[in-house]
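These are the residues of each chain, in order.
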Amino acid sequence: MDFVKWGLNPWGQNVLTHVSWTMFWASLFAGVMFFVAHAGYMLLSAHRGRPAGETDRLEASHSSLPTRIERHSLMARLFHWVMAAAMFVLLFTAFLPVAGVKFAWVTWHWAAGLVLTASIIFHILHASFWLDFWSIWVGPKDIPELKAEILRELGQQVPGPKSGKYPLGNRLYHSAIVLAGLAAVVTGVLMMSRVRTPLFTRNPYMFGDVTWGVTYVTHGFAGVGLVGLVIAHVYFAVRPEKWWITKSMILGWITRRQYLEHHEPDRWSVPANPPTSRT
Amino acid sequence: MAVIHDVMPAFELFQPGSISDAVALLNRYGASAWVMAGGLDSFDWLKDRIKRPSVVVDLSQVQGLRGIKAANGGLEIGAGTTLTELARDPQVRDNFGLLAEAAELVASPQIRNQGTIGGNVSQDTRCWYYRAGWSCYRAGGNICYADSPTAINREHAILDADRCVAVNPSDTAPALVALDAQMVIQSASGERIVNAEDYFIGPGVDITRMTVLAPGELLKAIRIPPTWAGAQFYFEKVRDRNVWDFPLLNVAAAAKYSGENIAGIRVVINAAAARPLRLHAVEAAVIGKPRNEETATLAGQLAIQGAQALRYNGYKIPLMRNLVKRAIRGGSGTWTS
């Protein structure tokens, strides 16, 4: 199986040209196999939520919390769905022709790419200045949570930490999508200089053949990687036990009980309702 | 890169005697099979070692692909019919003179004796960057060498370019689109009919192919409906050498009149893009108008809307405007019926 494609330039040099499209089929296969394997595993998996009794006690002791807890602001939700729409347009325009569905895809592709780029820039600024920037990243501080999650997967009741605002899997996924997404966006913007757009004059010789080859191959690997990642993301979004998270990305809030059942109040602090004044 | 013109790389040669055998071979070998009709383009590719198929399916022995017969009030032309046979056929000359004229302007008499209508409409582009074997977009790479600041691109596209600026070099293709022909494509899974207008595809849809023919498929015949039989036709080809050359541009038109006014018309230009372009805006604008200088000028201006010149092919824009103008008004070419 080829991983990349090579070509011949006018100087008789072999240069990288593209990722091999067999990688697309491999990523598609891996994505589908992942959800089949995970769905099978989840039929046997232990329940991962906090035990009902413990949640009851927590709810009693946190009765001052609002009944609806904001998980995603309107701006964050708008970003997410705009980015999702752009990502789907990008993946379908990139890979439907590879799968044999032929249509004029290039303009749709770069236009969706610009929407994605703009939404990512917005997200970086929004997350840096208006959200809790570090809540989505993973680091050494998450090792106790990782251990606890593994033990819970093995069916043990573990008193260890629950997640902060974002579950560990969510944060790991975010890291992967940042890597693949940024690679696709940066290389894609560079590749726009090779196609005709109304935005700027074409410059096919901005880089040499070798640099262009690396750019195209990086874009290709990021693209095929995103196929698998998006399949995994959609799969988790529609899983019954994750639906409360998906719903929060639509409505913006979760219930107090969901908050206490799945999150560690110490790691995701939610302000309590202001006390009602007594007359 | 050294190009060896005297020896072809080895391949397995098949010479089927029937359409079903040919299709079975194409189905068996898929993308690794090269379909050869007259062989006029094939041998260049093979000798230059740019295309290296492991299998060549030579259609010259398939009698079922040859001949012209009346069908449904129009004609059915076997894809293996030679261009000379096509140009001389009385049925074609009497009813669809546009196609006869276009076929007669292809290359040289020797080439027309050997070349087929199927090969002429399905031939690959003449872009020499592509034919040099470099990995341009059309060859599966990531650059168009013809659309760069220093490229020699006098013959390349002024319309409909999408990364690749190669053009379709066929003379008969625009005539078939103007006549509303249908292409009969045979594969192991059956027969499909594609309008000539949809048979040719641009780089935006598939940058590595000029037609919708997929591996395993064979262009079996071309059907011309009676719609435009006996209409007035115009064909003009502009080329560097009038004795023998590919078109810099060509135009094909079929028109019907009601009194002095144009009642119906199809105008098609080729070698301006990677596929023959039917000029819908021109057709819509001139229907109901008289065939005169004013209408022709309007048509010429409409035709070049959106045209974009490369470094050396700016001349094609006024040339196209004038060809379309003459196709409406009549000019150095002649309207025939």
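**What to know about the overall build of chain A**
Okay, step 1: Per the secondary structure count, chain A includes 9 helices and 4 strands.
Okay, step 2: In chain A, the succession of α and β elements from N to C terminus is β-β-α-α-β-α-α-α-α-α-α-β-α.
Okay, step 3: The buried share of chain A, taken over its 279 residues, is 23%.
Okay, step 4: Of all intrachain contacts in chain A linking residues separated by at least 6 positions in sequence, the fraction that spans at least 24 positions is 74%.

**A few points about the overall build of chain B**
Okay, step 1: Broken down by element type, chain B carries 13 helices and 13 strands.
Okay, step 2: Relative to the globule expectation of 20 Å for 337 residues, the C-alpha radius of gyration of chain B, 20 Å, shows essentially globular dimensions.
Okay, step 3: In terms of overall dimensions, chain B has a C-alpha envelope of 60 × 50 × 35 Å along the principal axes.
Okay, step 4: With 337 residues in all, chain B has 50% of them scored as buried.
Okay, step 5: A separation of at least 24 residues holds for 65% of the contacts in chain B among residues at least 6 apart in sequence.

**A short note on unusual backbone geometry**
Okay, step 1: The phi torsion at B:Ala107 lies on the positive side, around 45 degrees, for a residue other than glycine.
Okay, step 2: Looking at the element boundaries, B:Ala107 is found in the loop between helix H5 (97–104) and helix H6 (109–114).

**Observations concerning the interface of chain A and chain B**
Okay, step 1: On the chain B side, the residues contacting the 18 residues of chain A number 15 residues.
Okay, step 2: The set of elements that each furnish at least two residues to the side of chain A that touches chain B consists of strand S1 (4–8), strand S2 (14–19) and helix H7 (209–238) of chain A.
Okay, step 3: Per-class residue counts for the side of chain A that touches chain B are 10 nonpolar, 5 polar and 3 charged.

**Things to note about the sheet that holds strand S8 (residues 218–224) of chain B**
All names here are of chain B.
Okay, step 1: One open sheet holds the 5 strands; their spatial order is S4-S5-S8-S6-S7, and the pairing between them is antiparallel. Taken across any chain shown, the strands that pair with only one partner, and hence form the sheet edges, are strand S4 (68–71) and strand S7 (190–195). Geometrically, the sheet is characterised by an average inter-axis angle of 25 degrees between neighbouring strands, direction not taken into account.
Okay, step 2: Pairing geometry for strand S6 (residues 182–187) and S7, over 6 bridges, is antiparallel. Bridging across to S7, glutamine 182 finds its partner in asparagine 195.

**Considering the nonpolar core**
Okay, step 1: Counting 108 residues, the largest nonpolar core has B:Leu98, B:Leu99, B:Leu179, B:Ala253, B:Ile269, B:Ala272 and B:Val324 as the members making the most contacts within it.
Okay, step 2: Residues within four places of B:Val324 in sequence aside, it is in contact with B:Val251, B:Val267, B:Ile269, B:Leu279, B:Val282, B:Ala299, B:Gly300 and B:Ala303.
Okay, step 3: If you look at the next biggest cluster of nonpolar residues, it comprises 24 residues, including A:Val19, A:Ala86, A:Tyr216 and A:Val217.

**Re helix H6 (residues 168–191) of chain A**
All names here are of chain A.
Okay, step 1: End to end, H6 covers 34 Å across 24 residues, agreeing with the expected 34 Å (1.5 Å per residue, within 8%).
Okay, step 2: When H6 is considered as a whole, its buried residues turn out to be Ala180, Gly181, Ala184, Val185, Thr187 and Gly188.
Okay, step 3: Next to the buried residues of H6 lie helix H4 (106–129) and H7.

**Notes on the pairing of strand S2 (residues 33–36) of chain B**
Okay, step 1: Neither face of S2(B) is left uncovered, since the one carrying B:Ala33 and B:Val35 and the one carrying B:Trp34 and B:Met36 both have all their residues buried.
Okay, step 2: Handedness of the crossover joining S2(B) and strand S3 (residues 55–58) of chain B through helix H2 (residues 42–47) of chain B: right-handed.

**Some remarks on the environment of B:Cys144**
All names here are of chain B.
Okay, step 1: Along the chain, the position of cysteine 144 falls in the loop between helix H8 (128–131) and helix H9 (172–178).
Okay, step 2: Note on cysteine 144: 28 C-beta atoms within 10 Å, which makes it buried.
Okay, step 3: Note: C-alpha distance between cysteine 144 and arginine 163 (19 residues apart in sequence) is 6.4 Å.
Okay, step 4: The residues contacting cysteine 144, other than those within four sequence positions of it, are Cys136, Tyr137, Arg163, Cys164 and Val165.

**A few points about the sheet that holds S2(B)**
All names here are of chain B.
Okay, step 1: Pairing in this open sheet of 3 strands is parallel, and the strands run S1-S3-S2 from one edge to the other. Of all the strands in the sheet, just strand S1 (12–14) and S2 have a single pairing partner and so form its edges. Neighbouring strand axes in the sheet, compared pairwise and without regard to direction, differ in orientation by 20 degrees on average.
Okay, step 2: By the bridge criterion, 3 bridges tie S1 to S3 in an arrangement that is parallel. Note on S3: the bridge partner recorded for glutamate 12 is valine 55.

**Some details on the packing of H6(A) against H7(A)**
All names here are of chain A.
Okay, step 1: For the pair H6 and H7, interaxial distance at closest approach is 8 Å and the crossing angle is 140 degrees. Along this stretch, H6 crosses H7, giving a crossing that reads as left-handed. Only Thr215, Tyr216, Thr218, His219, Ala222, Gly223, Gly225, Leu226, Leu229 and His233 of H7 make contact with H6, whose side of the interface consists of Tyr173, Ala176, Ile177, Ala180, Ala183, Ala184, Thr187, Gly188, Leu190 and Met191.

**A short note on H5(B)**
Okay, step 1: In terms of burial, H5(B) is a largely internal element, 7 of the 8 residues being buried.
Okay, step 2: Here H5(B) has its buried residues at B:Gly97, B:Leu98, B:Leu99, B:Ala100, B:Glu101, B:Ala102 and B:Ala103.

**A short note on the environment of B:Thr295**
Residue and element names in this part refer to chain B.
Okay, step 1: Along the chain, threonine 295 falls in helix H12 (residues 293–303).
Okay, step 2: For threonine 295 and leucine 179, which are 116 residues apart along the polypeptide, the C-alpha to C-alpha distance reads 22 Å.
Okay, step 3: Once you skip the residues sitting within four places of it in the chain, threonine 295 turns out to touch Val286, Lys289, Pro290 and Ile328.

**Description of the pairing of S6(B)**
All names here are of chain B.
Okay, step 1: What sits between S6 and S7 in their antiparallel hairpin is a turn of 2 residues.
Okay, step 2: Judged from the 5 bridges that link them, S6 and S8 form a sheet pairing that is antiparallel. If you follow isoleucine 185 over to S8, its bridge partner there is leucine 219.

**A word on the confidence of the model for chain B**
Okay, step 1: For chain B, per-residue confidence averages 94 on the pLDDT scale, and residues scoring 70 or more make up 96% of the total.
Okay, step 2: Reported confidences for the modelled complex are a pTM of 0.86 and an ipTM of 0.83.

**Points about the packing of helix H3 (residues 74–95) of chain A against H7(A)**
All names here are of chain A.
Okay, step 1: Two numbers describe how H3 lies on H7: the axes approach to 11 Å, and their chain directions differ by 125 degrees. When the axis of H3 is compared with that of H7, the two are oblique. Read as a crossing pair, H3 and H7 show a hand that is left-handed. Residue-level contacts link Met87, Leu91, Ala94 and Phe95 of H3 to Gly223, Leu226, Val227 and Val230 of H7.

Here is what the cut-offs are and how they apply
Residues numbered from 1 in each chain as written. Chains lettered and ligands numbered in written order. Predicted model: local features only at pLDDT ≥ 70, side-chain atom pairs only at ≥ 80, totals over all residues. Helix = DSSP H or I, 4+ residues; strand = E, 2+ residues; numbered from the N terminus. Buried ≥ 20, exposed ≤ 12 C-beta atoms within 10 Å, placed from the backbone. Contact = placed C-beta atoms within 7 Å. Rg over C-alpha atoms; globule rule 2.2 N^0.38 Å. Nonpolar A, V, L, I, M, F, W, Y, C, P; charged D, E, K, R; others polar. Pairing = 2+ DSSP bridges. Axes fitted to C-alpha atoms, helices over the stretch in contact; angles between N-to-C directions. Core = buried A, V, L, I, M, F, W, Y, C linked by C-beta atoms within 7 Å. Expected span 1.5 Å × (residues − 1). Right-handed = clockwise from strand over helix to strand, strands pointing away. Left-handed = near helix turned anticlockwise from the far one by under 90°. pLDDT = per-residue confidence, 0-100. Parallel < 35°, antiparallel > 145°, perpendicular 65-115°, else oblique.

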